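What the coordinates show
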Amino acid sequence: MSELFVLIPGRTSKQGCGISEGKFTDAYQSETTILQICPKDMQRLGLNEGDRVRLSSETGQVEVAVTAAKGDELPPGVLFIAYGDLSSRLMGGDTHGSGMPTSKGLDVALEKIA
Amino acid sequence: MSTATKNQAATDGSLKIVQDATCTFCGCVCDDIDLSVKDNHIVEAKRACVLGKSWFFNHYVDQRPSCLISGRPASIEEGIERAAKILAGAKYPIIYGLSDTTCEAQRIAVGIGDWIGGNVDTTTSVCHGPSGMAFQGVGEVTCSLGEIANRGDLIIFWGSNPAESHPRHFTKYSLMPKGMFLPNGRKDRTCVLVDVRKTKSAKAADIFLQIKPRKDFEALWILRALAQNLSLDPAEVEDETGVPLSAWQDLMGRMKQAKFGVLLFGMGLTMTRGKHLNSEALLALVRDMNAYTRFVAKPMRGHGNVTGADNVVSWQTGYPFGVNMSRGYPRFNPGEYTTADTLARREADAAMIIASDPMSNFSQAARERLLAIPYISLDPKETPTTRGATVAFTTATYGINTAGTVYRMDDVPIPLRPAFDSPHPSDFEILSGIERRVKALKAAVRL
Ligand code: SF4
């Protein structure tokens, strides 16, 4: 069973530092391959820290581990991931005549990997 | 420059202090950093934020050769020759990146674009490119960061998270400074944050408005309506934006009462559905506000010299990004000449990527195309983009190893004060070499 969410990729301090430390370092890799989800949604979907989920957008599909977003940083229904290879895989190539692919506020289906 | 690397810089163990060095990690371009340098390593970076410290401390001289052709070490001359042949022989070559290098290097890159009749596009197209389009449609009522520090008594951040992306913006420019007309600094200012997420920046704000995802355009038009004193249906407003009408009315009241209002906006607007229309709505709101008080807008620019790229490409071609030179004169058309499109549509048949990493940041379709065509990369560090390049130049880092000019996010040019030499050539040197060869190759064809 999958459920629809809105995904927001963005900058984090750790991801920003990771660019300087090197994109092949563990720090950058782990920061850009973890999905934040609001604690309420996690509970509702029976997800625990580190559980893996499949995210599918119109153009791509990735598998990623989840973590609870801190405090009330994320409202229910919204996911966050640091910019990186995974977030780019979910982004479409079409820019709708703007030069900018829709890179934030992506519709994604989230499915728990058994 | 005839061998793979130049001579190593001296490493005698002495401590060198570089005062007022410039950090080029983000668009704040802080030029008050005191660096301590020992054995070609920066050991202290006074006043730098966490991102700036990471930028300086992790700067080591990359031991990779200055030039790799198909993954094998080669001389710089061979690399330049190969690069020039790739670019001069292509039907639809593209030049992309440019936001993390000096204005001097950017200027040469545009020249190469002209010689080869290709596209010149910068990372602006995938950050504030939509705002660039909006500026052309609506205009930008704006000011320098210094004016914000001295006058801004209402500071609104919209779709931006400076606490994590521009950490010193609050302290240097927008919230904390005691300004000429704000003697009590933070106490004299009100800070509002509008965002979908309650980010780390919310702690710094007096008021946080959490809007529904993809409702920036609607929220901005609600404010435009309130500026005109139009009456709106409270239920509809709350349903659309997730924020009660009373909160928007309160904000509009503050905006009208402010002596000098500032709207600083981020990629929450430009990367979300609507894109340039979101930026247009915000710029139009700011323009409207000037009927009541002084109000300005400013995009929060990311890369250290992305603003320089806009300035240099505009100065040379008349347009800020997404420029095509194939007819011998510049044409501008985002969506057609922008790199995300020319790659994803499999139009470009050769590329030169300068100080940027599309192999990490672009869509899968665009990445696949880039890997399928010959391309040249210039980057101080190894990235997924440099790994796939036909010709990969390892270059000196701007600001740390090379001098030059960069533009702060408010279009103020700032000189760089390098800390130590690099054994690698600068972007400027490599691009100048490529330009010379491209010119000669193109001239030979015309004879
Ligand atoms: S705010 Fe930006 S420019 Fe200033 S020190 Fe931090 S990363 Fe560098």
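If you're wondering where the values come from, they're calculated on a predicted model, not measured in any experiment. Residue numbering note: each chain is counted from 1, following its sequence as written. For this description, chains carry letters from A and ligands carry numbers from 1, given in the order in which they are written. pLDDT decides what is reported in this predicted model: residues at 70 or higher carry local features, side-chain atom pairs at 80 or more are listed and counted, and totals for whole chains, interfaces and linings draw on all residues regardless. No hydrogens and no water enter the side-chain calculation; it runs on all heavy atoms of the structure.

Once that is clear, we can look at the overall build of chain B. For chain B, the count of helices and strands is 18 helices and 19 strands. As a reference, a globule follows 2.2 Å times the number of residues to the power 0.38, and the radius of gyration itself is taken over C-alpha atoms. Scaling as 2.2 N^0.38, a compact globule of 447 residues should have a C-alpha radius of gyration of about 22 Å, and chain B matches this with 23 Å. Across its three principal axes, chain B shows a C-alpha extent of roughly 70 × 55 × 30 Å. Residue exposure (1.4 Å probe, protein chains only): buried if accessible area is under 20% of the type maximum, exposed if over 50%, otherwise partly exposed. Within chain B, buried positions represent 62% of all 447 residues. The contact definition used throughout considers only heavy atoms, calling two residues in contact when any of these lie within 4.5 Å. Excluding contacts between residues fewer than 6 apart, the proportion of contacts in chain B whose partners are at least 24 apart in sequence is 68%. Each accessible area is a Shrake-Rupley estimate made with a 1.4 Å probe; only the visible protein chains count as cover when residues are assessed. Looking at chain B as shown, the accessible area adds up to about 16600 Å², and 51% of this sits on carbon and sulfur atoms. We score Asp and Glu as negative and Lys and Arg as positive, and we do not count His or the chain ends. Here the site of a charge means atom NZ of a Lys, CZ of an Arg, CG of an Asp or CD of a Glu. Charged side chains of chain B number 51 positive and 47 negative; the gap between the two group centres comes to 1 Å. Strands are runs of DSSP state E lasting at least two residues, helices are runs of H or I lasting at least four, and both sets are numbered from the N terminus onward.

Below, the discussion takes up the overall build of chain A. Helix and strand content of chain A: four helices and six strands. Mapped from its N terminus to its C terminus, chain A presents α and β elements in the order β-α-α-β-α-β-β-β-α-β. Taking 114 residues into account, the globule formula puts the C-alpha radius of gyration at 13 Å, and chain A, at 14 Å, falls close to it. Over its C-alpha atoms, taken along the principal directions, chain A stretches across nearly 35 × 35 × 25 Å. By residue count, 57% of the 114 residues in chain A fall in the buried class. Contacts in chain A between residues at least 24 apart in sequence constitute 73% of all its contacts with a sequence separation of at least 6. With 11 positive and 15 negative side-chain charges, chain A shows a separation of 3 Å between the mean positions of the two kinds.

Around the ligand, the structure places C23(B), F25(B), C26(B), C28(B), V29(B), C30(B), A48(B), C49(B), L51(B), G52(B) and R168(B). Three classes are used: nonpolar for Ala, Val, Leu, Ile, Met, Phe, Trp, Tyr, Cys and Pro, charged for Asp, Glu, Lys and Arg, and polar for all others, with Gly counted as polar. Its residues assigned to classes, the shell around the ligand shows nine nonpolar, one polar and one charged. Note on definitions. A residue lies near a molecule or strand when any single heavy atom of the residue is within 4 Å of it.

Turning to the interface of chain A and chain B, a few remarks are in order. Chain A puts 39 residues into the contact, and the matching count from chain B is 48 residues. Two parts placed together each lose some accessible area under a 1.4 Å probe, and adding up what both lose gives the buried area. Summed over both sides, the interface of chain A with chain B buries roughly 3600 Å², with 55% coming from carbon and sulfur. Together, F24(A), E73(A) and M100(A) form the three largest contributors to the area buried by chain A at its contact with chain B, with a combined 19%. The rule for a salt bridge is simple: a side-chain nitrogen of Lys or Arg has to be within 4 Å of a carboxyl oxygen of Asp or Glu. One salt bridge connects R214(B) with D107(A), and the closest N-O pair in it is separated by 3.0 Å. Elements with a minimum of two residues in the side of chain A that touches chain B: strand 1 (2-10), helix 1 (13-21), strand 5 (78-82), helix 4 (85-89) and strand 6 (106-112) of chain A.

All right, on to the domain arrangement of chain B then. All names here are of chain B. As annotated, the domain borders come from an automatic or database domain assignment. As far as domains go, chain B holds domain 1 (3-57), domain 2 (67-127 + 304-446) and domain 3 (129-299). Each of domain 2 and domain 3 has a C-alpha centre, and these two points are 34 Å apart. Residue-level contacts link 12 residues of domain 2 with 17 residues of domain 3. Where domain 2 abuts domain 3, roughly 1000 Å² becomes buried across the two surfaces, and 62% of that area is made up of carbon and sulfur atoms. For the domain 2 face of the interface with domain 3, the top three residues by lost area are C127, M409 and D410, together amounting to 51%. At the boundary of domain 2 with domain 3, the tally comes to one salt bridge. Between D411 and K298 there is a salt bridge, and its shortest N-O distance comes to 3.8 Å. Distance and chemistry together define a polar contact, namely a pair of N or O atoms within 3.5 Å, with one atom able to donate a hydrogen and the other to accept it when in protein, and with adjacent residues in sequence counting only for side-chain atoms on both sides. Across the domain 2-domain 3 interface, the total number found is three residue pairs in polar contact (both at pLDDT 80 or more).

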